[in-house]
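Residue-level listing of the chains:
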Amino acid sequence: MKAYCYCRLSNIQQTLNPDCILYVYGKDGAELERQELYLRSYCKGWLLNPIKVYKEKNRLEDKPNLRKLLLENKDRDIIILNNTRLSRDMVDMFNISDICKENNLRFFSTRENNYLFDDFFNVYKKEVEKSNEL
């Protein structure tokens with residue numbers, strides 16, 4: 001006789017690790033504060049406990065705190081406002097994704113309401129397959 005277990009999650013936020021990390025990027029201090037307040041409020045609403053905040057106030061190309069976050073942490077969920085807080089460059093996104101896979105890190109975007117690299121690679125893979133068919 002086999003037994004099956006059924007678990008239902010009504011929201012993707014229920015899959016987030018409660019001890020998460022916040023990452024904020026902005027060009028000025030006011031933008032950083034606004035993002036951090038929003039993300040803290042978001043976490044409070046979903047009973048998440050941010051254990052650390054990494055802040056980046058630099059040009060988009062120079063993100064030493066993002067590199068630090070990626071290399072210092074393992075087995076964590078990182079909450080961000082949206083995907084543009086990481087990079088707008090595909091090569092950067094692939095590099096970030098590779099590090100995330102190695103360190104079991106997951107970026108969750110509050111704006112997209114999803115884990116970033118799950119959809120990112122599915123969309124990219126479909127585009128590559130379409131171009132190979134031509």
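Residues numbered from 1 in each chain as written. Predicted model: local features only at pLDDT ≥ 70, side-chain atom pairs only at ≥ 80, totals over all residues. Heavy atoms only, no water.

Q: Can you tell me about the overall build of the chain, naming the residues and giving the values?
A: Secondary structure assignment for the chain yields 4 helices and 5 strands. Counting only residues that meet the buried cut, the chain has 36% of its 134 residues in that class. Taking contacts inside the chain between residues at least 6 apart in sequence as the whole, the part at least 24 apart equals 72%. Total accessible area on the chain is roughly 8,800 Å²; 50% of this is exposed by carbon and sulfur atoms. (Helix = DSSP H or I, 4+ residues; strand = E, 2+ residues; numbered from the N terminus. Buried < 20%, exposed > 50% of the residue type's maximum accessible area, 1.4 Å probe, protein only. Contact = heavy atoms within 4.5 Å. Areas by Shrake-Rupley, 256 points an atom, 1.4 Å probe, with all protein chains shown as cover.)

Q: Let's hear about the pairing of strand E1 (residues 21-25): which residues, and what values?
A: E1 sits mainly inside the fold: 5 of its 5 residues count as buried. Residues Ile 21, Tyr 23 and Tyr 25 of E1 are buried on one face, and the alternating residues Leu 22 and Val 24, pointing to the opposite face, are buried as well. Judged from the 5 bridges that link them, E1 and strand E2 (residues 52-56) form a sheet pairing that is parallel. Opposite Leu 22, over in E2, you have Val 53 as the bridge partner. Regarding topology, helix H1 (residues 29-45) serves as the crossover connection from E1 to the parallel E2, and that connection is right-handed. Relative to strand E3 (residues 76-80), E1 runs parallel, the two being bridged by 2 bridges. (Pairing = 2+ DSSP bridges. Right-handed = clockwise from strand over helix to strand, strands pointing away.)

Function cannot be inferred from these measures alone, as they are strictly geometric.
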